[in-house]
Amino acid sequence: MKKFYFLILIFIQANTFCQPLEEKMVEALDSFSLLRPQEKSYLQTDKSIYLSGETIWFKVYTLLDNKPSALSKITYVILADEAGKVLSKKMIPLQNGTGKGDIDLISDLGSGNYFLTSYSLWMLNFPAFICTKKIQVYNAIKPVPNIPANSSNSYALHFMPEGGNIIEGLDCKVAFKATTNNLIPTAVQGIIKDNSGNQIANFNSSFDGMGTFQFMPVDGKIYEAEIQWPDGKIEKKMLPGFLPEGININVDNSNAGKTFIKVSRSQHNAAAYNDLLLVAQQHYKVVYMARLNMDEGMDAVAINKKNLPPGIVQLTVLNGQGTALAERLFFVANHETTGYVSSNVNSSARAKNNISISLPGWKKINGAISVVNTLINNQPANDNIYSSLLLTSDLHGNIHAPYQYFLNKEDSTIAHLDLLMMTNGWRRFTWPEIIAYKYAPLKFAFETTLYAAGTVMQANGKTPLTSGKINLIIKGEDSTTIMSEANINSKSQFVVDNINFQKEATLFYQGTNLKKENGIVTINLFPAYIDTIKRVDYLLPDYKFVHGVVGKEIMKAWDMLPESGRAKTLDAVVVKTKKISVADSLNQLYATDIFQASDQTLVMDEGNYYDIWQYLQRMVPGIAINKTDTGTQVNFGRYAGLGVFSTDGSPSGVTFFLNEVPVSIDIVDFINPNDVALVKVFKGASGIAIGANRGAIALYTTKGKSTRDWRQRGFDFIKKTGFSVNREFYTMDYSKINPDSEFADIRNTLYWNTELLIKNEKLEFEFYNDDSSKHFKLTLEGVDENGKLLHVEKILN
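Residues numbered from 1 in each chain as written. Predicted model: local features only at pLDDT ≥ 70, side-chain atom pairs only at ≥ 80, totals over all residues. Heavy atoms only, no water.

So, helix α9 (residues 612–619)
Moving on, step 1. If you check which residues of α9 are buried, you get I612, W613, Y615 and L616. One side of α9 holds all its buried residues, which, seen down the axis, span an arc of 160 degrees. (Buried < 20%, exposed > 50% of the residue type's maximum accessible area, 1.4 Å probe, protein only. Helix = DSSP H or I, 4+ residues; strand = E, 2+ residues; numbered from the N terminus. Arc of directions from axis to C-beta.)

Structure follows, in structure tokens:
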């Protein structure tokens, strides 16, 4: 593959000599997009503020060239704290560019700011494009430290001339951006003076510390800004120096249908700036190109935006030698604004709510929808699918509250967005690099499947083995068994792919020298990327958690929650030493946080059971096991407050988990009781908590134990991490639950669904309220097969 890319590069470079500049620009973009295709990632979560112990439900989107990516088939989702320490990592399979999963927040996680990142392995070649999402966690027992406000604020003001340079004798527009020391936008005003003390212009920020002013620099003059900050402090700052010759570019993007561009040149050495080329590119495609002849008055153009996809357009003016003279970004606001929400909302406890979302022009969508309690999550998320994929992924620097640029398409919003285009730099590429075909080296490849790879040496561990084969047996925690074989190539390497499994597996491996059938060889397996992830320093954004307003809102909302819905700080108690039981010890060893609380925790005894059903029948009260010719049926005959039958009269069924992986009852049939270490039984509310409204039984096999010990046959082994187990969000359905059931229902996320079905251009669903919610926030996001994005957000009262 590397040789193929090299030959393409040589062919392209050979054809650039004596080539028209227009063709050279198009071919440079084409080769760049071919050799360095840029994937983007976006992470949608059910909400942005969590209480410790809750679950983060997410859907991840991976796009390439503005469409769902068909290259990477694996993505990684990482949860890290502010110090970059990895708290949780998930490996998610991608289908049609999307995947889904969940992360359980441990119950003793401290209050503060945490970061979710999502990326494919290929994206590590371009870390600036990795999606980073900030979430906030609150824990009443471990609250955010009370940090006193910083009374000595410092400020920063940056000036950015439109097009890149200030040119002597030309009327120039200068954009500016003012922030505090923690990158929060701040209002600013001031005046511009020359070195003779004359006031040339004044400026005043119009939105989020940004604004513009215009002036014409004169030879021999020096210009200085006299700045007045919100606290009354006066500061002076020199303006960027200006050039004696060059061009200016002025962009008017206020019209919905067209963008108008005007180019001006200096009088000094004017002939050098007569024949110019204006190029507009979007997603590595030239969307507009025109020759400008300043002598003939051909100095202005209009770009039709009607058929352009939404997103940033990079506009560049070059001279005849291909040198970029000026550059400007503008935004095409052709994103969807559809999505009318009609609802029948009932805020009574456990009441049913019916929602209908009108989506004109939509037939299919790959997305997710959430409904959350607005008691805490009452503000728009800081980012959304629009702001992430269309805006922040292509701009350098911190962008404050990027969601606000997509609230509507009013003139003021478009003007604010244009200010952002002038004050944040372009991050994709620079023209000199791609015209010269100088690309950053690649370190990571596209991932399409889980695989095992390594090198094989002879028995001495030093001499490469070039003739042989590798045998693999993979025993998954969900009882899957994969057997495979691979030949060793001339470089003493092997690769075994398509070994997809969930959670964790034991990989047994053995090498064979074909010249000596039983020859001893040494195998060095390459570590899987997922197992190498320890820190994510390079993924964290350049701002820290801001204590204060948000933290106080969370604390206020926390105090409003019913007592049964939140953790409690216990009074001082005297702790007496107590020996931990075997059941509690195994529970801590095997069960994750969400599976800890159960109605029964059973340690497998040494009884002589012929199958697992005999053990369950003996140890679990109220269980009904019916073995028939069509299979085994398992039900709890009596629930605590739950009915035995569903509304359609079909018998309820127990959900089974094997090492916390949902499995069919057929797999349970074949489990050897001697391999089981722990059994946990969930009934009623405890079953509902793990998404099993008719109860569940979780079986845990002895760690490291295999039904057939391949080590005795000369196989070595290692543990490998597999794809994360996808749990289904449990949607409470009170039509199937006894209304007299006595349990507290406190759910901050009331509805989460990643399998959306549009009928007659409408998306309809229903959900049941919990015991406390009075208002709800609905968020719908997704993408269709052509890359069209959708974001709908509404407060339901």
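A few points about empty space enclosed by the protein
Moving on, step 1. In the structure shown here, the tally under the stated rule is 4 cavities of 30 Å³ or more.
Moving on, step 2. In terms of lining, the largest cavity is formed by 17 residues, of which the most central are T45, K47, K133, A381 and T779.
Moving on, step 3. Elements with a minimum of two residues in the lining of the largest cavity: β1 (39–45), β45 (776–783) and β46 (789–796).
Moving on, step 4. Among the residues forming the lining of the largest cavity, the class breakdown is 3 nonpolar, 7 polar and 7 charged.
Moving on, step 5. Estimated volume of the second largest cavity: approximately 80 Å³. (1 Å grid on protein atoms, 1.4 Å probe; cavity = no way out; pocket = protein on both sides within 12 Å on 5 of 7 lines; lining within 4 Å. Points joined across faces, edges and corners; volume = space filled by probe spheres on them. Nonpolar A, V, L, I, M, F, W, Y, C, P; charged D, E, K, R; others polar.)

As for the sheet that holds strand β8 (residues 112–119)
Moving on, step 1. The strand order across the open sheet formed by 5 strands is β2-β9-β8-β5-β6, and the pairing between neighbours is mixed. In the strand order of this sheet, the two ends are held by β2 (49–51) and β6 (86–93), each with one partner. Shown here is a sheet whose adjacent strand axes are inclined to one another by a mean of 25 degrees, direction ignored. (Pairing = 2+ DSSP bridges. Axes fitted to C-alpha atoms, helices over the stretch in contact; angles between N-to-C directions.)

Some words on the side chain of K305
Moving on, step 1. Along the chain, the position of K305 falls in the loop between β23 (300–304) and β24 (311–318).
Moving on, step 2. Although buried, K305 forms no salt bridge, and the nearest oppositely charged side chain, D252, lies 7.9 Å from it.
Moving on, step 3. Side-chain polar atoms of K305 contact the side chain of T259, separated by 3.4 Å.
Moving on, step 4. When residues no more than four places from it in sequence are discounted, the contact partners of K305 are N253, N255, A256, G257, K258, T259, F330, V332 and N334. (Lys, Arg positive; Asp, Glu negative; His and termini not counted. Salt bridge = Lys/Arg side-chain N within 4 Å of Asp/Glu carboxyl O. Polar contact = N/O pair within 3.5 Å; in protein donor to acceptor, adjacent residues only side chain to side chain. Contact = heavy atoms within 4.5 Å.)

So, the nonpolar core
Soluble, globular proteins show a tendency: their nonpolar side chains are buried together.
Moving on, step 1. With 48 residues, the main nonpolar core has F331, L391 and Y405 as its most contacted residues.
Moving on, step 2. Those elements giving two or more residues to this core turn out to be α2 (21–35), β3 (55–64), β21 (275–282), β24, β25 (324–332), α3 (385–391), α4 (411–423) and α5 (431–435).
Moving on, step 3. Core analysis: the next-biggest nonpolar cluster, separate from the first, contains 39 residues, A80, F126, I499 and A505 among them. (Core = buried A, V, L, I, M, F, W, Y, C linked by side-chain atoms within 4.5 Å.)

Some points on helix α8 (residues 582–590)
Moving on, step 1. Buried within α8 are the following residues: A583, L586, N587 and Y590. Taken down its axis, α8 places every buried residue within 105 degrees of arc, on the same side. Exposed residues lying more than 90 degrees from the buried face of α8 are Q588 and L589.
Moving on, step 2. Next to the buried residues of α8 lie β35 (600–603), β40 (676–682) and β41 (696–701).

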